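Chain by chain, the residues:
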Amino acid sequence: MLVVKSKHELVSTLKRLKTGSKTLGFTPTMGALHLGHESLIRQSKKDNDISVVSIFVNPTQFLPHEDLSKYPRPIESDLKICESLGVDVVFLPSVEEMYEKDSIKVSAPKFMGYVFEGFLRPGHFDGVLSIVLKFFNLVLPTNAYFGKKDAQQLLMIEKMVKDLNLSINVVGMPLIRDKDNLAFSSRNVYLSNEGRKKALCLSSALFSIEDKIKNGIKDVSLLKKEALKSLWDVEVEYFEFVDRELHITTKLEDSILIAVIRVENIRLLDNLWISDIVHEGKCI
Ligand code: AMP
């Protein structure tokens, strides 16, 4: 496995490796790798001849009051995980390598980029799209792997690829949960045992909605009302059924239920892609 830190080295390494019609899979991450990240990397390995992972805590997607400086950075163990998964190239740039002073940035769409996560974290998606586009232009992947865990991010990256005519296939991967059903997140390490227990009400609420849908209940407002009752002990930032343009919807079939709760001042994202339940034939 090659670990490269400069753009120049990355481009020349990939040029050397990517001969003929070899396919290249790319998984961008901020590190502190867990089984959620691993599932993306494994899929990339399965689908492609060459797999590249980036590990970069991107400062432009953090708001001034957010946890940039204390974001976990266990780089040695991250590299071990990448090695064990058979990653070919890890890109590990510094902030200076990725950003010039006063550089050009991508603007997230004014609606999709400024509702839900974008409303609570204004400018966050400008930062996400800017760094992802920079990486795409360096790596030129055939396939790029993103988690459905970050539903709004995935929808916006798909939109960027379409709007900017990029020849990249975006692969959305299922949300992976820990044994107790908490969605894996690099920020889970901040939770106390008590907080973690409290946080589990969110996955329980989502599972209960999934069961109800499988039992034929399709009334979105009823599903939402029932679920919110079980979230009384935590701060709910949002809990909505949305369509793929992030408009709140009452049409269940193609919706995504996106949710964020805050426990011990940690924001915890979770969601349910209703279309997956329907299309997997799990639902009547
Ligand atoms: P991050 O390091 O948090 O920026 O995440 C890197 C990628 O891993 C993103 O595409 C995330 O959506 C994805 N990811 C994070 N957590 C999970 C999870 N629990 N299941 C699936 N994918 C995830």
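A few points on the structure. Counting restarts for each chain, with residues numbered from 1 along the sequence as it is written. In keeping with the predicted nature of the model, local features appear solely for residues at pLDDT of at least 70, side-chain atom pairs appear and are counted solely at 80 or more, and the whole-chain, interface and lining totals rest on all residues. Note that the side-chain values use all heavy atoms of the structure and ignore hydrogens as well as water.

### Comments concerning unusual backbone geometry
Here is step 1: Notably, Leu140 is not glycine yet its phi reads approximately 45 degrees, a positive angle.
Here is step 2: Strands here mean DSSP runs of E at least two residues long; helices mean DSSP runs of H or I at least four residues long; both are numbered from the N terminus. Within the secondary structure layout, Leu140 lies in the loop between helix H6 (124–139) and strand S5 (143–147).
Here is step 3: Phi at Asn181 takes a positive value of approximately 80 degrees, unusual for a residue other than glycine.
Here is step 4: In this structure, Asn181 sits in the loop between strand S6 (169–173) and helix H8 (193–214).

### Topic: the packing of aromatic side chains
Here is step 1: The criterion for an aromatic pair is that two Phe, Tyr or Trp rings (for Trp, the six-membered ring) have centres within 6.5 Å, with stacked assigned to planes under 30 degrees apart, edge-to-face to planes over 60 apart and tilted to the rest. Enumeration over the complete set of coordinates arrives at seven aromatic pairs.
Here is step 2: Ring pairing ties together the aromatic residues Phe26, Phe56, Phe91, Phe135, Phe136 and Phe146, which thus form one cluster.
Here is step 3: The side chain of Lys70 reaches across the aromatic face of Tyr190, ending 4.4 Å from its centre.
Here is step 4: Whether a charge lies above a ring is judged from NZ of Lys or CZ of Arg, which has to be within 6 Å of the ring centre and within 35 degrees of the ring normal. It is Lys148 that lies over the ring of Trp273; its NZ or CZ is 4.9 Å from the centre.

### Some points on the packing of H6 against helix H7 (residues 151–163)
Helix packing for two helices is described by the angle between their axes and how far apart those axes are.
Here is step 1: Axis lines are fitted to C-alpha atoms, over the contacting stretch for helices. Their N-to-C directions set the angle, which ranges from 0 to 180 degrees. Remark: H6 packs on H7, axes separated minimally by 11 Å, with the N-to-C direction vectors making an angle of 50 degrees. Here H6 lies oblique to H7, going by the angle between them. Here H6 and H7 pass one another in a crossing that is right-handed. Contact with H6, carried on its side by Phe125, Val128, Leu129, Val132, Leu133 and Phe136, involves Gln152, Gln153, Met156, Ile157, Met160 and Val161 of H7 and no other residues of that element.
Here is step 2: When its residues are assigned to classes, the contact of H6 with H7 shows ten nonpolar, two polar and no charged. Every angle not falling under 35 degrees, over 145, or within 65 to 115 is termed oblique; those three ranges are roughly parallel, roughly antiparallel and roughly perpendicular. Here is the rule for handedness: rotate from the far helix to the near one, and if that takes an anticlockwise turn smaller than a right angle the crossing is left-handed, while a clockwise turn gives right-handed. Contact definition: two residues touch when any of their heavy atoms are within 4.5 Å. Classification used: nonpolar for Ala, Val, Leu, Ile, Met, Phe, Trp, Tyr, Cys and Pro, charged for Asp, Glu, Lys and Arg, polar for all others including Gly.

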